[in-house]
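As a plain string of letters, each chain reads:
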Amino acid sequence: ETPIFLWGDEIEYGIFEKQLKDKSEGVSTHHYELSLTGSQLRQKLTAIEYANSDLPIGCEWQPEYGSWMVEAVPRNPFGSYVSDLMNVEK
């Protein structure tokens, strides 16, 4: 019997905070710093996923390296059909 091919995809997100610096010439510049809010953000995203758990496609949020990253993995594995490739983008 041929085994069923199931697979998943993970996406890692870095969390940054936009900072505004004023230069002496009156021109402002933007830069980004690491935001150490990964744990709080993951809790919020998990609550949103739980509220939408009736949808067929969703993800689970996992801690990632340091407190400035989170990782999304599919709630259920994808199958071996071409249509499953499209579900990655949903």
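Criteria and cut-off values
- Residues numbered from 1 in each chain as written.
- Predicted model: local features only at pLDDT ≥ 70, side-chain atom pairs only at ≥ 80, totals over all residues.
- Heavy atoms only, no water.
- Pairing = 2+ DSSP bridges.
- Helix = DSSP H or I, 4+ residues; strand = E, 2+ residues; numbered from the N terminus.
- Axes fitted to C-alpha atoms, helices over the stretch in contact; angles between N-to-C directions.
- Contact = heavy atoms within 4.5 Å.
- Core = buried A, V, L, I, M, F, W, Y, C linked by side-chain atoms within 4.5 Å.
- Buried < 20%, exposed > 50% of the residue type's maximum accessible area, 1.4 Å probe, protein only.
- Salt bridge = Lys/Arg side-chain N within 4 Å of Asp/Glu carboxyl O.

1. A word on the sheet that holds strand β4 (residues 59–63)
Hydrogen bonds along the backbone pair up the strands of a sheet, which may run parallel or antiparallel. Strand order across the open sheet formed by three strands is β1-β5-β4, with antiparallel pairing between neighbours. Each edge of the open sheet is held by one strand with a lone partner, namely β1 (11–14) and β4. The sheet shows a mean angle of 25° between the axes of neighbouring strands, direction not considered. Of the pairings in the sheet, the one linking β4 to strand β5 (residues 69–74) comprises five bridges and is antiparallel in character. If you follow C59 over to β5, its bridge partner there is P74. Against the sheet, helix α1 (residues 38–51) touches β4 and β5, its axis set at about 165° to β4.

2. Here we look at the environment of P63
For P63, the position within the fold is in strand β4. In sequence terms P63 and S39 are 24 residues apart; their C-alpha atoms lie 7.1 Å from each other.

3. Side note on the nonpolar core
If you look at the biggest cluster of nonpolar residues, it comprises five residues: I15, C59, W61, V70 and A72. For this core, the secondary-structure elements that each account for two or more residues are β4 and β5. Excluding residues that lie within four positions of it along the chain, C59 makes contacts with E49, A72, V73, P74 and R75.

4. Description of the pairing of β5
With five of six residues buried, β5 lies mostly within the body of the structure. Examined bridge by bridge, β1 and β5 share four bridges and lie antiparallel to one another. Considered in β5, the bridge of I11 is made with A72. Count of turn residues in the β4/β5 antiparallel hairpin: five residues, of which G66 carries a positive phi of about 70°.

5. Observations concerning the pattern of salt bridges
Scanning the model with the defined rule gives one salt bridge in all. A salt bridge links E49 to R75; its shortest N-O distance comes to 3.3 Å. Note that E49 is positioned in helix α1 and R75 in the loop between β5 and α2 (82–87), a separation of 26 residues in sequence. Residue classification places R75 among the partly exposed residues on the basis of a relative accessible area of 22%.

6. Side note on the environment of S67
Of note, S67 is situated in the loop between β4 and β5. The exposure class of S67 is partly exposed, given its relative accessible area of 35%. The spatial distance from the C-alpha of S67 to the C-alpha of G14 is 9.4 Å, given a sequence separation of 53 residues.

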